Amino acid sequence: MELITEVNGRIEKLVPMITADEIQARIQELGRQISQDYAGQEVVALAVLKGSVLFFADLLRALDLPLLTTDFLGLSSYGSRTASSGVVRLTQDLSRPIEGKHLLVIEDIVDTGLTMKYLLDNFQTRRPASIRICTLLHKPAGKVVEVPMDYVGFTIEDKFVVGYGLDYDERYRQVPFIGVMEFQDLP
Ligand code: 5GP
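On a predicted model such as this, the values are computed, not experimentally measured, just so you know.

Looking now at unusual backbone geometry. Looking along the chain, the bond that leaves Leu49 and enters Lys50 is cis, with omega of -5°. One non-glycine residue, Asn8, lies in the positive phi region at around 50°. In this structure, Asn8 sits in the loop between β1 (3-7) and β2 (10-18). With relative accessibility at 67%, the residue Asn8 sits in the exposed group. Positive phi outside glycine occurs at Arg127, with the angle close to 55°. Residue class for Arg127 comes out exposed when judged on its relative accessible area of 57%.

Moving on, we come to the site of the ligand. Taken together, 16 residues lie near the ligand, and Asp111, Thr112, Thr115, Lys139 and Val161 sit nearest. Between Asp108 and the ligand, the recorded distance is 2.9 Å, taken from a side-chain N or O atom to an oxygen atom. One of the backbone N or O atoms of Gly113 is found 2.8 Å from an oxygen atom in the ligand. Calculation on the ligand without its partners gives an accessible area of 510 Å², and the protein chains cover 89% of this total. Among the secondary structure elements, those contributing two or more residues to the shell around the ligand are β6 (102-110) and α3 (114-124). With four residues, the top contributor of residues to the shell around the ligand is β6. In the shell around the ligand, the residues fall into six nonpolar, four polar and six charged.

Before going further, it helps to examine the packing of helix α1 (residues 20-37) against helix α2 (residues 53-61). Packed helices, taken two at a time, are described by the angle their axes make and the gap between the axes. Interaxial distance between α1 and α2 falls to 9 Å at its minimum, and their mutual angle equals 55°. It follows from the interaxial angle that α1 and α2 lie oblique. Crossing of α1 against α2: the hand is right-handed. Contacts between α1 and α2 involve Gln24, Ile27, Leu30, Gly31 and Ile34 on the former and, on the latter, Phe55, Asp58 and Leu59. For the contact of α1 with α2, the class distribution of residues is five nonpolar, two polar and one charged.

Bringing the pairing of β2 into the picture now. Of the pairings in the sheet, the one linking β1 to β2 comprises five bridges and is antiparallel in character. Bridge pairing links Val7 to Arg10 in β2.

Pairing is mixed across the open sheet formed by six strands, whose spatial order is β5-β4-β3-β6-β7-β8. Either end of the sheet is taken by a strand with one partner, and the two such strands are β5 (88-92) and β8 (151-155). Along the sheet, successive strands turn relative to each other by an average axial angle of 25°, direction set aside. Judged from the six bridges that link them, strand β3 (residues 43-49) and strand β4 (residues 69-77) form a sheet pairing that is parallel. Following the sheet pairing, Ala47 is matched in β4 by Phe72. On the sheet, α1 packs against β6, β7 (130-138) and β8 and is oriented at approximately 160° with respect to β8.

What follows covers the environment of Glu6. As for its position among the elements, Glu6 is in strand β1. Between the C-alpha atom of Glu6 and that of Phe183, which follows or precedes it by 177 residues, the distance is 9.9 Å.

On to the packing of aromatic side chains, then. For the structure on display, the rule yields three aromatic pairs. The structure contains a cluster of three or more aromatic residues connected by ring pairs, namely Phe160, Tyr168 and Phe183. Between the NZ or CZ atom of Arg132 and the centre of the ring of Tyr38, over which it lies, the distance is 4.8 Å.

Definitions and cut-offs
Residues numbered from 1 in each chain as written. Predicted model: local features only at pLDDT ≥ 70, side-chain atom pairs only at ≥ 80, totals over all residues. Heavy atoms only, no water. Helix = DSSP H or I, 4+ residues; strand = E, 2+ residues; numbered from the N terminus. Buried < 20%, exposed > 50% of the residue type's maximum accessible area, 1.4 Å probe, protein only. Near = heavy atom within 4 Å. Polar contact = N/O pair within 3.5 Å; in protein donor to acceptor, adjacent residues only side chain to side chain. Areas by Shrake-Rupley, 256 points an atom, 1.4 Å probe, with all protein chains shown as cover. Nonpolar A, V, L, I, M, F, W, Y, C, P; charged D, E, K, R; others polar. Axes fitted to C-alpha atoms, helices over the stretch in contact; angles between N-to-C directions. Parallel < 35°, antiparallel > 145°, perpendicular 65-115°, else oblique. Left-handed = near helix turned anticlockwise from the far one by under 90°. Contact = heavy atoms within 4.5 Å. Pairing = 2+ DSSP bridges. Phe/Tyr/Trp six-rings, centres within 6.5 Å; stacked < 30°, edge-to-face > 60°. Lys NZ or Arg CZ within 6 Å of the ring centre and 35° of its normal.

This is the structure in structure tokens:
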């Protein structure tokens, strides 16, 4: 069902693209795959704040990895509200060293790939044992740089999506589905 909000003198409409049930079903599949791939290993699951928090929380509960630990990294990208600028700022660093660790980076969306490239370059200098990327969404049409994605939830077309962690102007992160933003002037 569409979500309609009146804000700042116009109407914002969130038109569903991926339902909450579809997201949860895909997370179970990803969870099984990741648990198999890392069976018996010590994995550090890294959430990239803020967009990946809902995905992170649900995916972690779908993993069967008793030795798993977690950490958080804050990133914010400059630029317009609905386009990636590729200029990234580290707003919160990891709380512990990652040298010799198996990293599973959990992201909300890979669009241009510039954010992930920045992260990978930054992490490589800290000499982890391995790095894999798990992204809920991938927009191949936006690609500027190639990044290796080991686990992808959904491949989507080139639209600005919101919900399930993803924001528009910091709103809609709490929405349980993923939708496309549409705007209308008030009558
Ligand atoms: P990239 O650097 O790959 O272009 O984009 C990564 C970041 O841009 C994401 O982590 C996310 O914060 C933001 N982003 C890219 N596409 C979208 C989108 O469709 N919706 C939202 N809400 N954010 C996006």
